[in-house]
Amino acid sequence: MSSSVATYRPRVREYPLTARAADLELWRREAAGVAREWRASPSVVNVVRLGVTELLSNVIKHVDDQRCSLMIYKLGDALVVSVSDRSLVLPEVCGAPDWDAESGRGLWMLQSMAASVGSHRVDGLFKKCVWFRCDTGAGAR
């Protein structure tokens, strides 16, 4: 496992880690376990697994320094998953992807499954944060 000690606060889990392809399943399981612990539905757990894979895969593919932070937290009736990394480049999700391309579909697909997807720049050790939100209350997507 390529992480430091996880931060545990009520309704927040934060994991400093180095994104590696070999560890993706570990982080999918960890995030799914947190979602289940917080009583997310099986469909939300599946979106969390897919989203963690996409966000960490993007760090692996697009960021030179692959040290990052995975954060999972409850915000009212929503579960939010974010990955902060050391790149200033914000991802762009534009229209339907090129289905013949080897990449470029993940965030677009995640956007269609999660309640919302976004990114923003941050100050400090990390330079940007990419996140998605899944509604867990009544009427959740």
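Reading guide: rules and limits
Residues numbered from 1 in each chain as written. Predicted model: local features only at pLDDT ≥ 70, side-chain atom pairs only at ≥ 80, totals over all residues. Heavy atoms only, no water. Core = buried A, V, L, I, M, F, W, Y, C linked by side-chain atoms within 4.5 Å. Buried < 20%, exposed > 50% of the residue type's maximum accessible area, 1.4 Å probe, protein only. Helix = DSSP H or I, 4+ residues; strand = E, 2+ residues; numbered from the N terminus. Contact = heavy atoms within 4.5 Å. Arc of directions from axis to C-beta. Polar contact = N/O pair within 3.5 Å; in protein donor to acceptor, adjacent residues only side chain to side chain.

1. A short note on the nonpolar core
No. 1: Formed by 32 residues in total, the largest nonpolar core has its most connected members in V48, L56 and F132.
No. 2: Counting only elements with at least two residues in this core, the list comes to β2 (12-18), α1 (24-37), α2 (42-62), β3 (67-75), β4 (78-85), α3 (106-113) and β6 (128-135).
No. 3: The element best represented in this core is α2, accounting for eight residues.
No. 4: Contacts of F132, omitting those with residues within four sequence positions, involve V47, V48, G51, V52, L55, L79, V80, V81, L110, A114, S116 and V117.

2. Considering α3
No. 1: Listed as buried for α3 are G106, L107 and L110. For α3, the buried positions fall inside an angular range of 90° around the axis, keeping them on one side.
No. 2: Close packing links the buried residues of α3 with α2, β5 (116-121) and β6.

3. Section: the side chain of K74
No. 1: In this fold, K74 is placed in strand β3.
No. 2: A polar side-chain atom of K74 sits 3.1 Å from a polar atom in the side chain of T136.
No. 3: Apart from the residues lying within four places of it in its own chain, the contact partners of K74 are R11, W38, L79 and T136.

None of the figures reported here should be taken as evidence of function without further support.
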